[in-house]
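For reference, the chains in residue letters:
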Amino acid sequence: MTKTKKQSQNKKKEKEKGKPSKYSVDEYVERAEHYLANFQPELAIKFLRKALETDKNNTDVMDMLGEILAENGAGDEAKQILTQSISISPNSGHSKYLSLAQLTEFPGNVQLIQKGIEILSSEKAKLEPFASSQNDDLKRVIASICSAYCSIVEIYMSDGCDEPNAESECVRNVEAALKVDPSSVESLCTLASLRLTQTRRDDAKVALARAVEIVNNFPEDDDFYPPFEIRRSLAKILLECEKFEDADDIIDTLLMEKEDNSELWFLSAIACAGQNNPVAAMDCLKQSKKLAEQANLEPEIMEMINEKIEEVSKMPIPEGMDDDEEEEEENGNEGDEDEESEDEMDN
């Protein structure tokens, strides 16, 4: 009997399965990390799958693959892989618990995060006797613990807000985070948010002032400089508390990293308007609108920007601000004329 094309392909696949892998697990993971760093998650997933074919019980690979799948919309498969990793090695690898928590509803997500914190705390206890407080591994573990506690607070401020112990759980977890690291900017931001929900605005401002001080004194080239998302959260809470100048400074650092971000220009406009600078606020709003149109953002966002433009357009321009703008334009024109004169002399 003649073999069909499909039978031949299946036989070929069976033969390939029996062959030794072209790369080791570590080599597959290394290639996956390379593609992940180059914003190609689909290729990273491909090589992690191959790594699992080589070692089907490697929980480190499972954890990495599950996390990437979860971040790229494959929640069901991510759940399956992360759950399998937990069943194989329940007491090692905190990341699988934190990743699975993001795919799990309340209260199961809290329980998963707590297990992640338990594993992280064990790692911290092992590192502390042999490492200084400046040790990078220890710093990373501490930052992860703080972030996990803050995640629990956020859950109790949202999905778990109707629980009778919601407020006490928020307080307990944010205090736990600050006990692990009193200088954690993320924990201080979470504390400020909690204080605002408790209508303790002055206490929120105290936490924010401490967070701003830490960010401002942090070398920007430090590996542990507060990440973009945390600084953006800080800027938003500062605006909510009408700390416009501090917010403006933080937003400037964000714009240096992502100047094509429409939201940042919108936040900058709020900060400028709050400092009674409608001219600068309008410039920021025009840039925000331009970028939003280029990115084809949702109509609701465009409506919000247009409403802010209308609001700022009604603000009185402080005396002397027009003169400053005209002077800047004149200086710019003079500079252009000087350049033209120099060109003519060269010719």
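Because the structure is predicted, anything quoted here is derived from the model rather than measured. (Residues numbered from 1 in each chain as written. Predicted model: local features only at pLDDT ≥ 70, side-chain atom pairs only at ≥ 80, totals over all residues. Heavy atoms only, no water.)

**Student:** Describe in detail unusual backbone geometry, supporting the description with residues and values.
**Tutor:** Between phenylalanine 106 and proline 107 the backbone carries a cis peptide bond, its omega angle lying at 5°. Looking at the secondary structure, you find proline 107 in the loop between helix H6 (94–101) and helix H7 (108–127). Despite not being glycine, asparagine 276 has its phi angle at roughly 60°, a positive value. Structurally, the position occupied by asparagine 276 is in the loop between helix H14 (262–274) and helix H15 (278–294). Positive phi is not limited to glycine here, since asparagine 296 has a value of about 55°. (Helix = DSSP H or I, 4+ residues; strand = E, 2+ residues; numbered from the N terminus.)

**Student:** Provide a residue-level description of the confidence of the model for the protein chain, including the pertinent values.
**Tutor:** Put simply, the protein chain has an average pLDDT of 90, and 85% of its residues get 70 or more. Note that residues 12–16 has pLDDT below 50 and, in this model, zero contacts with residues that lie over four places away or in other chains. (pLDDT = per-residue confidence, 0-100. Contact = heavy atoms within 4.5 Å.)

**Student:** Please provide a residue-by-residue account of the pattern of salt bridges, values included.
**Tutor:** This model, assessed by the stated rule, comprises 13 salt bridges. In this structure, arginine 232 engages glutamate 263 in a salt bridge whose closest nitrogen and oxygen atoms are separated by 2.9 Å. On the criterion of sequence distance, the pair formed by arginine 232 in helix H12 (residues 228–240) and glutamate 263 in helix H14 is long-range, its members being 31 residues apart. Each of Glu229, Arg232, Lys236 and Glu263 takes part in one network of salt bridges that share partners. (Salt bridge = Lys/Arg side-chain N within 4 Å of Asp/Glu carboxyl O.)

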